[in-house]
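# Reading the structure
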Amino acid sequence: MSQVTELKSHPLVSHNLAILRSKDTDSQRFREVAKRLSSLVLVSATESLNTVEQELETPLIRTSEQVLAADIWLIPVLRAGLAMVEAGLDLVPDAHVGFVGLFRNEETLLPNHYYKNLPDFSKSANNCFLLDPMLATGGSACAAIALLKDHGATDIRLLTLISAPEGIKEVFAKHSDVVIFTASVDEYLNDLGYIVPGLGDAGDRFFGI
Ligand code: PRP
Ligand code: URA
């Protein structure tokens, strides 16, 4: 399947990306803009969700509307994925939230897994939205996806703000069933594993470290 949706051609997306990328953007503004961009990515990523018809009564007539067919799970990859959760809960207030904790070893660039709090997804129909602003080598995303699959997840969307081509390739090589939604596919990874042009370290900028 291997499907990636890049949203940068939308003027609101590129406008907010410019603010997020700038080294002059402080943490407070970074948080606001990360949330706004996350909302835009989430709207795109929820477009293909299945719905069912629900009957209801307006003050005027009996009618029906399409409502979400399955539970939605937001799964931020700690730490930086927390930057995208509030936008998700604003759009889908009854979403559930699970957690995966990973950090990259700065020398090997390999992910270290330190935490998870996930349900048994196989018990009911659900959609998993894996949230991480940065997809660099793809190591963290692949490790997180593998964990979700170990817990029975079958319908996984990966939502990012900035993705490197290298990371997209790695995710599709290991998990071709996952679909990716990203504000921007950037140019390349540098020798230190940072996305270029990128925005630097997303977690440090979001948390003001
Ligand atoms: C960042 C980012 C991703 C990962 C991407 O997290 O939020 O999880 O790097 O890199 P990769 O695609 O090469 O694996 P980091 O490891 O810096 O941890 P943090 O969220 O705690 O800052
Ligand atoms: N993680 C980040 O936060 N930024 C990058 O550019 C790469 C990985």
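Residues numbered from 1 in each chain as written. Chains lettered and ligands numbered in written order. Predicted model: local features only at pLDDT ≥ 70, side-chain atom pairs only at ≥ 80, totals over all residues. Heavy atoms only, no water.

## What about helix α2 (residues 27–46)?
Selection criterion: To qualify as a helix, a DSSP run of H or I must reach at least 4 residues; to qualify as a strand, a run of E must reach at least 2; elements of each kind are numbered from the N terminus. Expected span of a helix: the number of residues minus one, times 1.5 Å. Throughout this description, buried means an accessible area under 20% of the type-specific maximum (1.4 Å probe, protein chains only), exposed means over 50%, and partly exposed covers the range between.
Its 20 residues give α2 an end-to-end C-alpha distance of 28 Å, which sits within 8% of 28 Å, the value for a rise of 1.5 Å per residue. Looking only at α2, the buried set comprises S27, F30, V33, A34, L37, S38, V41, L42, S44 and A45.

## Some details on the site of ligand 2
Stated formally: Nearness here has a simple test: a residue counts as near a molecule or strand if at least one of its heavy atoms is within 4 Å of that partner. Distance and chemistry together define a polar contact, namely a pair of N or O atoms within 3.5 Å, with one atom able to donate a hydrogen and the other to accept it when in protein, and with adjacent residues in sequence counting only for side-chain atoms on both sides. Computed by Shrake-Rupley with a 1.4 Å probe, the accessible areas treat only the displayed protein chains as cover when residues are assessed. Three categories are distinguished: nonpolar for Ala, Val, Leu, Ile, Met, Phe, Trp, Tyr, Cys and Pro, charged for Asp, Glu, Lys and Arg, and polar for the others, with Gly belonging to the last.
Near ligand 2, the surroundings consist of R104, M134, A136, G193, Y194, I195, G200, D201 and A202. Within the backbone of I195, a nitrogen or oxygen atom sits 2.8 Å from an oxygen atom of ligand 2. One of the backbone nitrogen or oxygen atoms of G200 is found 2.8 Å away from a nitrogen atom of ligand 2. Contact with the protein chains hides 88% of the accessible area of ligand 2, taken as 230 Å² for the molecule alone. Its residues assigned to classes, the shell around ligand 2 comprises five nonpolar, two polar and two charged.

## Here we look at unusual backbone geometry
Cis geometry is adopted by the peptide bond preceding R79, which originates at L78 and carries an omega value of -5 degrees. Considering the arrangement of structural elements, one finds R79 in the loop between β4 (71–78) and α3 (85–91). A cis amide bond links V196 with the next residue in sequence, P197, at an omega value of 0 degrees. Turning to its location among the elements, P197 is positioned in the loop between β13 (195–196) and α6 (202–207). Despite not being glycine, L109 shows a phi value in the positive range, around 65 degrees. Tracing the backbone shows L109 in the loop between β6 (99–104) and β7 (111–117).

## Quick notes on helix α5 (residues 165–174)
Stated formally: Directions are taken from the helix axis to each C-beta atom, and the arc is the one they span. When checking whether two residues touch, look at their non-hydrogen atoms; a contact exists if any pair is within 4.5 Å.
Those residues of α5 that fall on the buried side of the exposure criterion are G167, I168, V171 and F172. Buried residues of α5 fall within an arc of 130 degrees about the axis and therefore sit on the same side. Those residues of α5 that are exposed and aimed more than 90 degrees away from the buried face are K169, A173 and K174. In this fold, the buried residues of α5 make contact with β1 (3–6), β9 (134–135), α4 (139–150), β10 (156–163) and β11 (179–185).

## Description of the site of ligand 1
Surveying the vicinity of ligand 1 reveals 14 residues, the closest of which are R79, R104, D132, T137 and S140. Take R79: an N or O atom from its side chain is 2.8 Å from an oxygen atom of ligand 1. For ligand 1, an oxygen atom lies 2.9 Å from a polar atom in the backbone of A136. Look at ligand 1: alone it shows 500 Å² of surface, and the protein chains cover 91% of it. Grouping the constituent residues of the shell around ligand 1 by class yields seven nonpolar, four polar and three charged.

## Things to note about the side chain of S38
By the secondary structure assignment, S38 is in helix α2. With a relative accessible area of 0%, S38 lands in the buried category. Ignoring anything within four residues of it in the chain, the contact list for S38 reads A83, M84, A87 and L161.

## Observations regarding a nonpolar patch on the surface
Selection criterion: Candidates for patches are residues over 30% relative accessible area with no salt bridge; among them, like charges are joined within 9 Å and nonpolar side chains (Val, Leu, Ile, Met, Phe, Trp, Tyr) within 5 Å. The working definition used for a salt bridge is a side-chain nitrogen of Lys or Arg within 4 Å of a carboxyl oxygen of Asp or Glu.
On the surface, a cluster of nonpolar side chains totalling about 280 Å² of accessible area is made up of L82, F207 and I209. Mapped onto the elements, L82 comes out in the loop between β4 and α3.

## A closer look at the packing of aromatic side chains
A ring pair, where both rings are aromatic, is described by two values, the distance of the centres and the angle of the planes. What counts here: The rule is short: rings of Phe, Tyr and Trp, with Trp giving its six-membered ring, pair when the centres are within 6.5 Å, and they are stacked under 30 degrees, edge-to-face over 60, tilted in between.
Counted under the stated rule, the structure contains three aromatic pairs. Here W73 and F121 contribute two aromatic rings whose centre-to-centre distance is 5.5 Å and whose plane-to-plane angle is 90 degrees, an arrangement assigned as edge-to-face. With a gap of 48 residues between them, W73 in strand β4 and F121 in the loop between β7 and β8 (126–131) connect regions that are remote in the sequence. In this structure F121 comes out as buried when scored by relative accessible area, which is 2%. Where F206 meets F207, the ring centres are 4.9 Å apart and the plane angle is 85 degrees; that geometry is what we call edge-to-face.

## Here's the deal with the pairing of β4
What counts is decided by this rule: Following DSSP output, two strands are said to pair if at least two bridges run between them. A clockwise path from the first strand over the helix to the second, with the strands pointing away from the viewer, defines a right-handed crossover.
Within β4, seven of the eight residues are buried, which leaves the element mostly enclosed by the surrounding structure. The pairing of β4 with β8 spans six bridges and is classified as parallel. In the sheet register, I72 faces β8, and the bridge partner there is N127. Here two bridges tie β4 to strand β5 (residues 96–97), and the two strands are oriented parallel to one another. Residue pairing in the sheet places L74 in a bridge with V97 of β5. Remark: the β4/α3/β5 crossover connection has right-handed handedness. Pairing analysis gives two bridges linking β4 to β6, with the strands arranged parallel. Residue pairing across strands places L78 opposite G101, the latter belonging to β6.

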